[in-house]
Amino acid sequence: MGPIRGLKRRKKAEKKVDQNVLAADVPADSLLLQPQPLDWWDDFSKRISGPFSESKKSKKFESVFKISRKTFDYICSLVKEDMEARQSSFAFSNGKPLSLNDMVAVALRRLSSGESLSCIGDLFGLNQSTVSQVTWRFVESMEERGLHHLKWPSTEAEMEDVKSKFEKIRGLRNCCGVIDITHIVMNIPAVDPSNNVWFDREKNYSMILQAIVDPEMRFRDIITGWPGSLSDALVLQSSGFFKLAEEGKRLNGKKLQLSEGTELREYIIGDAGFPLLPWLLTPYQGKGLSDIQAEFNKRHSATRLVAQTALARLKDVWRIIHGVMWMPDKNRLPRIVLVCCLLHNIIIDMEDEVLDEMPLSYHHDSGYRQQTCESVDKTASIMREKLSLYLSGKIPP
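One structure accompanies this document, and this report is about it. The structure presented is a predicted model; accordingly, all values stated were derived computationally and were not measured. Each chain carries its own residue numbering, running from 1 in the written order of its sequence. Since the coordinates come from a predicted model, pLDDT governs what is reported: local features require at least 70, and pairs of side-chain atoms require 80 or more to be given and counted, while whole-chain, interface and lining totals use all residues. Only hydrogens and water are set aside when side-chain values are computed; all heavy atoms of the structure are taken into account.

1. A look at the overall build of the protein chain
Secondary structure summary: the protein chain contains 14 helices and 8 strands in total. For the protein chain, buried positions account for 50% of its 397 residues. Throughout, a residue-residue contact means that at least one pair of heavy atoms, one from each residue, lies within 4.5 Å. Taking contacts inside the protein chain between residues at least 6 apart in sequence as the whole, the part at least 24 apart equals 69%. Secondary structure follows DSSP: runs of H or I at least 4 residues long count as helices, runs of E at least 2 residues long count as strands, and numbering of each begins at the N terminus. Only protein chains enter the accessibility calculation, which uses a 1.4 Å probe; a residue whose area is less than 20% of its type maximum is buried, one above 50% is exposed, and one in between is partly exposed.

In structure tokens:
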């Protein structure tokens, strides 16, 4: 360690003393007098909560940004090149240029809190225009730099891992994902006739996010931007995933032998709002279900909680898409939703310890009733029945 202020220099002839022993004899108070190098967060947090003191502690990093410092640093590394391209054009009210960390912090706070541009500006000492521009540059960069965090399993080994983890939930074998839909509610002018397409069956103006989720609540495929007036089934049929699955380019992996003469192909599951398809199994509908059908529905419902929890957590952490968005740019909103999904996946991929502190919720579409789709594929119906019999033990393994 270096010299300690207040200690007298010893004579050259004096016997040398171990520095660690010397330090132990120094009063603790004198160590506090030493200037310590400031971490970026130490300096930045003062703008939020004032100087450090026992009476007024600075806010924890995790409580401000909903992620750990490790994840924050990784995100900074992703967007560094793009964010610093014209760095000098952004500055605080006092004229100090924003660093890379400053810019990422502003964007993440905007996305995670959902606070207005003016609130973010007042919090960090920025004007609204700077908050808006910094956030949008971050969104544009993440669209490109973070896209590898949202992808369909690309190898057989990766897909086998997904299927194995789904089976451990409630026994659904060869299941590759859970599909669900949520609504991003918007406050937009009702007097504008062009907005009628966004008016949904629950009498809200909304935009749809359709997501397919793996057993670790990671988004594997999403589509967003469609108006809330469309049914869940129609949004699915308009998606790229639907086309790939119908053409045999998705969910076309190894079939599972349930018993002699009974094969089970790869599939995903979804609620009653989706059509029953050979690659998409939905629950049995109606009253008077058999015990076998009721048992299948229980297993099906328990497994679907993965997607419900993922969407609830997405909205809870990235609150810019939670509640009612005030006059959003409908062309930019899908890109913001995508980036929120990428950030959601990055938290999982980084094994962020903040995940352990998040409460579990299954409610991501408050006020929206369950939709029902009557479309039933005969082949899919037979496949669902065979799987139900197998799960009940009626078909021997």
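2. Notes on the packing of aromatic side chains
For this analysis, a ring pair means two rings from Phe, Tyr or Trp (six-membered ring only for Trp) whose centres lie within 6.5 Å, classed as stacked if their planes differ by under 30 degrees, edge-to-face if by over 60, and tilted for the remaining angles. One pass over the full model with this rule turns up 16 aromatic pairs. Ring geometry for Phe44 and Phe124: centres 5.0 Å apart, planes at 50°, overall tilted. On the criterion of sequence distance, the pair formed by Phe44 in helix α3 (residues 40-49) and Phe124 in helix α7 (residues 117-124) is long-range, its members being 80 residues apart. The burial state of Phe44 is the same as that of Phe124; both residues are buried. Through a chain of ring-to-ring contacts, the aromatic side chains of Trp40, Trp41, Phe44, Phe61, Phe65, Phe72 and Phe124 assemble into a single cluster. Between Arg69 and the ring centre of Phe61, over which it is positioned, the NZ or CZ distance is 5.8 Å. A positively charged side chain is recorded as over a ring if its NZ (Lys) or CZ (Arg) lies within 6 Å of the ring centre. The angle to the ring normal must also be within 35 degrees. Over the face of the ring belonging to Trp136 we find Arg332, whose NZ or CZ atom lies 4.1 Å from the ring centre.

3. Some remarks on α7
Among the residues of α7, those classed as buried are Ile120, Gly121 and Phe124. For α7, the buried positions fall inside an angular range of 100° around the axis, keeping them on one side. Positioned one or two residues after α7, Gly125 has a phi angle of 75°, which is positive. Taking the helix axis as origin, the arc is that swept by the directions to the C-beta atoms.

4. Overview of the pattern of salt bridges
Put simply, a salt bridge is a Lys or Arg side-chain nitrogen that is within 4 Å of an Asp or Glu carboxyl oxygen. For the coordinates displayed, the defined rule picks out 26 salt bridges. With a closest N to O distance of 3.1 Å, Glu160 and Lys163 form a salt bridge. Of this pair, Glu160 and Lys163 both sit in helix α9 (residues 156-170), 3 residues apart, which is roughly one turn of the helix. With a relative accessible area of 30%, Glu160 lands in the partly exposed category. Residues Glu216 and Lys165 are paired through a salt bridge, measuring 3.2 Å at the closest nitrogen-oxygen approach. Placement of Glu216 in the loop between β2 (205-213) and β3 (219-227) and of Lys165 in helix α9 is noted, with a sequence separation of 51 residues between them. Looking at Glu216, the relative accessible area reads 36%, which means it is partly exposed. Ionic contacts of the salt-bridge type, sharing partners, join the residues Lys151, Glu158, Asp161, Lys165, Asp214, Glu216, Arg218, Arg220 and Asp349 into one network.

5. Thoughts on a negative patch on the surface
Where like charges cluster on the molecular surface, the negative patch consists of Glu62, Glu353, Asp356 and Glu357. Within the secondary structure layout, Asp356 lies in the loop between α13 (333-349) and α14 (378-392). What makes a patch is a set of residues exposed beyond 30% relative accessible area and free of salt bridges, joined within 9 Å when like-charged and within 5 Å when nonpolar (Val, Leu, Ile, Met, Phe, Trp, Tyr). Working definition of accessibility: Shrake-Rupley area with a 1.4 Å probe, residue cover restricted to the visible protein chains. Charged-residue counts in this description rest on Lys and Arg as positive and Asp and Glu as negative, His and the chain ends being excluded. All charge positions are set by atom: Lys at NZ, Arg at CZ, Asp at CG, Glu at CD.

6. Describing the pairing of β3
When you tally the buried positions in β3, you get 7 out of 9 residues, the bulk of the element. In this analysis, strands are considered paired if DSSP registers two or more bridges between them. Examined bridge by bridge, β2 and β3 share 7 bridges and lie antiparallel to one another. From the neighbouring strand, Ile208 faces β3, where its bridge partner is Trp226. Connecting the antiparallel pair β2 and β3 is a turn made up of 5 residues, with Met217 showing a positive phi of about 70°.

7. Here's the deal with the pairing of strand β1 (residues 175-187)
Moving residue by residue along a regular strand, the side chains alternate between the two faces of the sheet. Most of β1 is tucked away, with 12 of its 13 residues classed as buried. Sheet analysis places β1 next to strand β6 (residues 267-269), joined by 2 bridges and oriented parallel. Across the sheet, the residue bridging to Val178 is Ile269, located in β6. Bridging between β1 and β2 involves 9 bridges; their strand directions are antiparallel. Along β2, the bridge assignment pairs Ile179 with Ile212. Of the strand pairs in this sheet, β1 and strand β8 (residues 324-326) are connected by 3 bridges, and their pairing is parallel. Across the sheet, the residue bridging to Asn187 is Trp326, located in β8.

8. Here we look at the packing of helix α5 (residues 69-83) against helix α8 (residues 128-145)
Lines fitted to C-alpha atoms define the axes here, with helix axes fitted over just the stretch in contact, and angles between the N-to-C directions of these axes take values from 0 to 180 degrees. Relative to each other, α5 and α8 sit at 110°, their axes nearing to 9 Å. One finds that α5 runs roughly perpendicular with respect to α8. In this structure, the crossing between α5 and α8 has a hand that is right-handed. Listed contacts from α8 to Ile75, Leu78, Val79, Glu81, Asp82 and Met83 of α5 are Val134, Arg137, Phe138, Ser141, Met142 and Arg145. Angle categories: roughly parallel below 35 degrees, roughly antiparallel above 145, roughly perpendicular from 65 to 115, and oblique for all the rest. Helix crossings are classified by the rotation of the near helix relative to the far one: an anticlockwise turn of less than a right angle makes the crossing left-handed, while a clockwise turn makes it right-handed.

9. Concerning the side chain of Asp180
When you line up the elements, Asp180 lands in strand β1. Buried charged residue Asp180 carries no salt bridge. Nearest counter-charge: Arg304, at 6.4 Å. Any pair of N or O atoms that falls within 3.5 Å is considered a polar contact. Within protein, one atom must be able to donate a hydrogen and the other to accept it, and sequence-neighbouring residues count only if both atoms are side-chain atoms. A polar contact is formed between the side chain of Asp180 and the side chain of His364, at a distance of 3.2 Å. With residues near it in sequence (within four places) discarded, Asp180 still touches Leu209, Gln210, Ala211, Asp271, Phe274, Ala307, Gln308, Leu311 and His364.

10. As for the environment of Leu98
Considering the arrangement of structural elements, one finds Leu98 in the loop between α5 and α6 (100-113). Look at Leu98 and you get buried, because its relative accessible area is 0%. Along the backbone, Leu98 and Leu126 are 28 residues apart, and their C-alpha atoms lie at a distance of 9.9 Å.

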